[in-house]
Number of protein chains: 2
Amino acid sequence: MTENSFRESGRAARDSTASGIAAVAALAGVSTGTVSKALNGTGQLRESTRLRVRAAAEEVGWLPNGSARSMRSGRTYTVGVITTDSYGRFSIPILRGVEDALGLGEMLCFLCDSRDDPIREQHYVRTLLARQVDGIIAVGRKEDPRIPLGRDIPVPVIYAFAPSTDPEDCSVIGDEQGGARRAIDHLVKTGRRRIAHITGLENHASAVLRAEGFRTAMAEHGLEPVDGVWFGSWSEEWGHNGVRSLLASSPDVDAIFCGSDQIARGAAYELAALGRSIPEDVALIGVDNWSPFTDGYRPHLSSVDLNLTTIGRRAGEALLKALDGRGEPGIQTVDPELIVRESSGPARRRP
Amino acid sequence: MTENSFRESGRAARDSTASGIAAVAALAGVSTGTVSKALNGTGQLRESTRLRVRAAAEEVGWLPNGSARSMRSGRTYTVGVITTDSYGRFSIPILRGVEDALGLGEMLCFLCDSRDDPIREQHYVRTLLARQVDGIIAVGRKEDPRIPLGRDIPVPVIYAFAPSTDPEDCSVIGDEQGGARRAIDHLVKTGRRRIAHITGLENHASAVLRAEGFRTAMAEHGLEPVDGVWFGSWSEEWGHNGVRSLLASSPDVDAIFCGSDQIARGAAYELAALGRSIPEDVALIGVDNWSPFTDGYRPHLSSVDLNLTTIGRRAGEALLKALDGRGEPGIQTVDPELIVRESSGPARRRP
DNA sequence: TCTTTTCCGGAAGAGGTTTTCCTAATTTTC
DNA sequence: GAAAATTAGGAAAACCTCTTCCGGAAAAGA
């Protein structure tokens, strides 16, 4: 160090206006090429040189210039995430998973909210491509399949939650039917037989798939659904109204599988108001595992967690794979999980 | 057009491997500089040339290379958004506002979730700076002031929701006290006198500020708070418990200002269970205007909306200003709004 | 001491765009 | 029809980093 100080100060003074790697080079008394090698651990350098350069970089507070790097490497280590939902409740955990997966690759996300507007979406696709993103993840809000982002997109595209209608695309989605099956299996295993299903909008794939899963699982256990399937809306209020109607027509129901935690919360309050205790008289299971509702009040609600964060993580991983040339088309499903809480506890022993 | 076709095809053939602007230049039979001018509307060009170049760009599907552009201009038209919250309920609307503001400037957001971990936060700051972001927006989850992102950050930083402790920084926050005042004013104006306040954690600035606003507003109306301020947690369950305790000690309360919609929803159910009707016996107002809770069931809840989206928009605008050299340090507050719904409707006429 | 090998580090170019300067071509003016 | 004025478009540099190719110096071997 000391024997170099003359050279260092000399160069530094001579070239003190340089910025970026050149400033580091000047301070360390080496060429820019050497700095690059020292900082990236490439090339053949004396250890002392490497250390000297590192120290110089530290001193001038050097940070790599991403633009310059991308221009050379052709990669930006950046992905675009387009969500059709205004980053609603579903996009958020998915985003988190995406970030988890991409963070490992030192990648950053551009977040774009298309607000379900095709014009905005196309605009974002162009903007993202102009910024040379390495890939794009399209996050949906519903399970309903969606039209692909576009033809001839020169980077990999992964669809999360809402799959692409093109089977050649890569999509990562939740397993709605599996979730319903887990709920029903659990209810049956804990002794319930008169099971009803109150769920959301009939024109949502999520509701339809859950209902299918419900019917299939019931059939497998040799059970008949109580009063078919009650479609309504995704609101807490529908939980109240649905339960009221249900109990009026089938007062002997002993379990209700609800299409969402909001519906389940409404159902819980209404059951209490009608004098049924949970879980002794009626067991309750929701979907989403959304804590403001599952843990809002007693009893805490059992719920099917679609593992949205995992969906996001898988989508991120799929993208990394695709960037690595190992992309696999097709639809990948993520296993849901049943979170058991008080509302599906043991039934009152039949008298 | 026709008289140029020879030249065009000649150049195109000779240089068909070129990419980017060069490919367009070859196809249009002009130089790259001319293409740049034609596409950007700069320089002195014949209209026919401009059109020819545009057509060529269209034909080869040209998109500008963001990296190259940034390298020349020094601007990336990119901002980093660091949220301390896992993009929770508060960050989301703020983000939306940010995007609204920045979209006008054709800017894109890098979204980073620091998860309240200072190490992660510093990591993201470095990463963002390395990517040459034009600015950074730090989004908080609570109103509690936060330590600045760092010293010597070479780009403007705007703090949203959680202000910076350094008054020289630029922060955009909500007006908690103003929100409380609006709620109380409305209650008093509609004839309520025995008003209580049930709110969240005592060590959250949000709760403390709302409580202060509550006390001040009450004093201004010459009223005494019923039973002081009930601090608890931010949960629906606390709404139940708080109301139960409150009614036990002060059964003549005629309005409750709740620190959140979740608390208010719990309060609503408990009041109903105790035989008080809303709003005839007791009026109810929450904070957040979070529709799953305000519109969850009857009665729909009145609520103070802190206008988070506006906070985000203002933050974005402040950043654009700062980039324009017109940045203003200090704390900027955004006006809240009281959304009146059924729960604060007219009281039962006193017998 | 001279040759061969090994090791360090420098010079230069590429990547895509914008911009400045400058020349050539066209139009205007007398 | 020639000189002046204006306009159109080309050439090259700059932005910053990484990488390839090479030359020079030191070390090792003869």
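Residues numbered from 1 in each chain as written. Chains lettered and ligands numbered in written order. Predicted model: local features only at pLDDT ≥ 70, side-chain atom pairs only at ≥ 80, totals over all residues. Heavy atoms only, no water.

Here the focus is helix 2 (residues 21-28) of chain A. Residues and elements named next belong to chain A. Judged by how many residues are buried, helix 2 sits mostly within the fold: 6 of 8 residues are covered. Within helix 2, burial applies to A23, V24, A25, A26, L27 and A28. Looking one or two places after helix 2, you find G29, whose phi comes out positive at around 70°. (Buried < 20%, exposed > 50% of the residue type's maximum accessible area, 1.4 Å probe, protein only. Helix = DSSP H or I, 4+ residues; strand = E, 2+ residues; numbered from the N terminus.)

A few words now on the protein's contact with DNA strand D. I21 and R69 of chain A together with T34, K37 and T49 of chain B are the nearest of the 23 residues found near DNA strand D. Near-protein atoms of DNA strand D (within 4 Å) split between backbone and bases, with sugar and phosphate holding 66%. One of the side-chain N or O atoms of R72 of chain B is found 3.0 Å from a base nitrogen in DNA strand D. Elements with a contribution of two residues or more to the surface near DNA strand D: helix 3 (32-40) and helix 5 (66-73) of chain A together with helix 3 (32-40) and helix 5 (66-73) of chain B. It is helix 3 of chain A that provides the largest number of residues to the surface near DNA strand D, a total of 4 residues. For the surface near DNA strand D, the per-class residue count stands at 7 nonpolar, 10 polar and 6 charged. (Near = heavy atom within 4 Å. Polar contact = N/O pair within 3.5 Å; in protein donor to acceptor, adjacent residues only side chain to side chain. Nonpolar A, V, L, I, M, F, W, Y, C, P; charged D, E, K, R; others polar.)

With an RMSD of 0.1 Å, the operation that places chain B on chain A is a rotation of 180° combined with a shift of 0.0 Å along the axis. In the structure described here, the two chain copies are related by an operation that fits a two-fold rotation axis. A high fraction, 100%, of the interface residues of chain B reappear at the interface in chain A, so the copies pair face to face through one surface. (Least-squares fit on C-alpha atoms with pLDDT ≥ 70 in both. Contact = heavy atoms within 4.5 Å.)

With that out of the way, let us pick up the protein's contact with DNA strand C. What surrounds DNA strand C is a group of 26 residues, the closest being S31, T34 and K37 of chain A together with I21 and R69 of chain B. The sugar-phosphate share of atoms of DNA strand C within 4 Å of the protein amounts to 62%. Within the contact set of DNA strand C, a phosphate oxygen lies 2.6 Å away from a side-chain nitrogen or oxygen of S31 of chain A. Between DNA strand C and the protein, one listed contact pairs a phosphate oxygen with a side-chain N or O atom of T49 of chain A at 2.7 Å. Among the secondary structure elements, those contributing two or more residues to the surface near DNA strand C are helix 3 and helix 5 of chain A together with helix 3 and helix 5 of chain B. Ranked by residue count, the leading element in the surface near DNA strand C is helix 3 of chain B, at 5 residues. Tallied by class, residues from the surface near DNA strand C come to 9 nonpolar, 11 polar and 6 charged.

On to the interface of chain B and chain A, then. Each side of the interface is counted separately: chain B has 52 residues, and chain A has 52 residues. Note on chain B versus chain A: buried area summed over both sides is about 4500 Å², and carbon and sulfur give 54% of it. For the pair chain B and chain A, the interface holds 6 salt bridges. Linking chain B with chain A are 26 residue pairs in polar contact (both at pLDDT 80 or more), by the criterion used here. Breaking the side of chain B that touches chain A down by element, the ones donating at least two residues are helix 5, helix 6 (91-104), strand 2 (108-113), helix 7 (118-130), helix 10 (236-249), helix 11 (261-273) and helix 12 (291-294) of chain B. A per-element tally of the side of chain B that touches chain A places helix 7 of chain B first, with 8 residues. Taken together, the residues that form the side of chain B that touches chain A break down as 23 nonpolar, 14 polar and 15 charged. In the sheet, strand 2 (residues 108-113) of chain A pairs with strand 2 of chain B via 3 bridges, with the strands oriented antiparallel. (Buried area = accessible area lost by both parts, 1.4 Å probe. Salt bridge = Lys/Arg side-chain N within 4 Å of Asp/Glu carboxyl O. Pairing = 2+ DSSP bridges.)

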